[in-house]
Structures are given as structure tokens and as C-alpha cells.
Amino acid sequence: MKINTPVSLSLDRNAILKEALARLAHANPGLDAARRGFLRRSLTLGGLSMLTGCTLIDEDSAETALTQISRLNDQAQAWLFDPQRLAPTYPDSMITRPFPFNAFYSEDEVREIDGGSFRLEVTGLVADKRQWSLAELRAMPQIDQVTRHICVEGWSAIGKWGGVSFASFLRRVGADLSAKYVGFKCADDYYTSIDMPTALHPQTTLALSHDGQPLPPKYGFPMKLRMPTKLGYKNPKHIQAIFVTNTYPGGYWEDQGYNWFGGS
Ligand SMILES: Nc1nc2c(c(=O)[nH]1)N[C@H]1C(S)=C(S)[C@@H](COP(=O)(O)O)O[C@H]1N2
Ligand SMILES: [Mo]
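Residues numbered from 1 in each chain as written. Chains lettered and ligands numbered in written order. Predicted model: local features only at pLDDT ≥ 70, side-chain atom pairs only at ≥ 80, totals over all residues. Heavy atoms only, no water.

A. Quick peek at the site of ligand 1. The immediate surroundings of ligand 1 are formed by 21 residues, with P100, N102, D188, N235 and K237 found nearest. One of the side-chain nitrogen or oxygen atoms of K237 is found 2.6 Å away from an oxygen atom of ligand 1. Burial of ligand 1 by the protein amounts to 99% of the accessible area it has alone, namely 530 Å². Along the lines of polarity and charge, the residues of the shell around ligand 1 split into 12 nonpolar, five polar and four charged. (Near = heavy atom within 4 Å. Polar contact = N/O pair within 3.5 Å; in protein donor to acceptor, adjacent residues only side chain to side chain. Areas by Shrake-Rupley, 256 points an atom, 1.4 Å probe, with all protein chains shown as cover. Nonpolar A, V, L, I, M, F, W, Y, C, P; charged D, E, K, R; others polar.)

B. Layout of the sheet that holds strand β4 (residues 181–186). Pairing in this open sheet of four strands is mixed, and the strands run β1-β9-β4-β5 from one edge to the other. The outermost strands of the open sheet, each flanked by one partner alone, are β1 (121–124) and β5 (191–195). Adjacent strand axes in the sheet meet at a mean angle of 20 degrees when their direction is disregarded. Both β4 and strand β9 (residues 239–245) contribute to a ladder of six bridges, which runs antiparallel. By the bridge assignment, V182 is partnered in β9 with V244. (Pairing = 2+ DSSP bridges. Helix = DSSP H or I, 4+ residues; strand = E, 2+ residues; numbered from the N terminus. Axes fitted to C-alpha atoms, helices over the stretch in contact; angles between N-to-C directions.)

C. The packing of aromatic side chains, seen in detail. The final tally for this structure, using the stated rule, is 14 aromatic pairs. Ring geometry for F99 versus W161: centroids 5.3 Å apart, planes at 90 degrees, classification edge-to-face. Linking F99 in the loop between α5 (74–80) and β1 with W161 in strand β3 (residues 155–165), this pair joins segments that are 62 residues apart in sequence. For the residue pair F99 and W161, the accessibility class agrees, reading buried in each case. An aromatic cluster is present here, built from F104, Y105, Y190, Y252 and W253 joined pairwise through their rings. R226 extends its terminal NZ or CZ atom over the ring of W161, reaching a point 4.3 Å from the ring centre. Cation over ring: K230 sits above F261, and NZ or CZ is 3.5 Å from the ring centre. (Phe/Tyr/Trp six-rings, centres within 6.5 Å; stacked < 30°, edge-to-face > 60°. Buried < 20%, exposed > 50% of the residue type's maximum accessible area, 1.4 Å probe, protein only. Lys NZ or Arg CZ within 6 Å of the ring centre and 35° of its normal.)

D. Looking closely at the side chain of T205. The residue T205 is located in strand β6 (residues 205–210) in this model. Given a relative accessible area of 1%, T205 falls into the buried group. A polar contact is formed between the side chain of T205 and the backbone oxygen of Q203, at a distance of 3.0 Å. Those residues in contact with T205, other than ones at most four positions away along the chain, are I143, Q145, G162, G163, V164, F166, K224, L225 and R226. (Contact = heavy atoms within 4.5 Å.)

Spatial relationships are all this shows, so hold off on functional conclusions.
Pasting the structure below:
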């Protein structure tokens, strides 16, 4: 998508963005409610793409902004995160096809997982540690949404993911919702972890489908966690195990210096 923005307006947007990022760099919980509200409105991932005219692929400024936001400290981001605020959704007509593939390896090395024998492991601070088959997950109520995926490498794309509300899933397994982290171990040795408020966000989905079809191997079969409030690397594909914990679990890219909160 490219929105044609009058030059003056786009300059304003860049000024707003610069101002917001400068304030955020010094963000502390002592800021008054109005400033906090302003920052929350403007610094969601959706807000960033609006501010930058949605030209996330071809505009250096957008990339710079994304790099900067990904370097913000976790505490400032957690403090700005509004657990109820929804990321923008889009009409089906705006879905990006083909949807880009990305992983720490090339597409010909995508893991093929057998769906029939697959069992999702659920461990840590949960009451019910029983494993889940794909059929059982498909039998739970399903939701779907069309949202924008933003990768820090400088591309974004709109996709449709469907599956189980992650908040419902966590409640169903009796997770300790006051725990700090939810961690993910993936079949391709990728791993990541998220904060509990994001895990419980209404759009956070344990995704079993992409674009109306069972999730293809390259997009993370048998399931991925889809969070439109977080950058691409926070969205684990090929999930094998989910665990709830108070011990910081880190992540594949996070342990190499990417910002842990990674979102808005
Ligand atoms: N298991 C696993 N999940 C992963 C990755 C990966 O390498 N392995 N890469 C992450 C990154 S950096 C991005 S941008 C998205 C890409 O998802 P896509 O292939 O559906 O576009 O997956 C994320 N989740
Ligand atoms: Mo990414």
C-alpha cells in the first residue's frame, strides 16, 4: 500500500515521529496521562505505519523508525503497551499474495512436520499439562483477522491468519495469568518469549490457518503465534512447546541483541 501524502503532511508526520521517539527515549512512568495517551496512539506498529504513510518497504524513514523503536528499552515499551488497543485490520482485498517467507534459513530448508502425530506440549505454570493434538485445537472456537506483519529487515505485508484465541487457550489450560512470560520452543530450533499482557491481547492468535488454508509448512505448520502488535521475529512459527514462566526465557534473535519487547 502506498498512500499519497501531501509533502507538508508527511513532513509533519516525520516531525511527530521524531518527537515521539525522542520523548520515548526518556519515557518514564511519571509522564502525565496526556503525553502517555499521545505516545500510545502514535507508537503502535499500526500508528508507525500510518505516520510513515505505510511506505514501509521503500522509505528509509520508516526503516529508521522501526530500527529505533526496536531498540527502545523493554520497560518503556511495556509501559506504553495498551492491552486493549487493537492493531489495524484490513479488508481481504488488501491481502499480500504471495505472502513473503522469512526464517533464519532459506525456504528449501523449511521443516516438514507430520500433523497426525504432532502433539503440542504445554508446561510450566499451568494447571493442565496435557498435550494437544491438532484436531483438538481445531475443535476449539476459531477466530481470524487480516493484519499487517512487519519485519525489522524492512518489509511488511498484510496476511490473514485464523485459529484459537490465545487468551482462551491460556485460560483453558489453567495458566497462571499473573506469570511474567510465555515462552515458545519451535520445531526448527527457533525460540522466543512474550509478556503476559501481549499473550492475553484480544488479537493474539494461536494460528492454524493462513489465507483460509491450513498453515503451509513455510508459514509455520502446524501452528504459529500471530500477534499484530509485535514485530515479525516475535511471532514464532512451527510451535512445538508452550511454557508459562517467571524466568526470563529470551529468544533466538533477542539473545543476539534484538529488543525483547519488540512491539507496541
Ligand atoms: N520458528 C521460526 N519462527 C519464526 C522465524 C524463524 O526463523 N523460525 N522467523 C521470524 C521472522 S524474523 C519473521 S519476519 C517471521 C516470518 O514469517 P513468514 O514466513 O510467515 O513471513 O517469522 C518469525 N518466526
Ligand atoms: Mo523478521
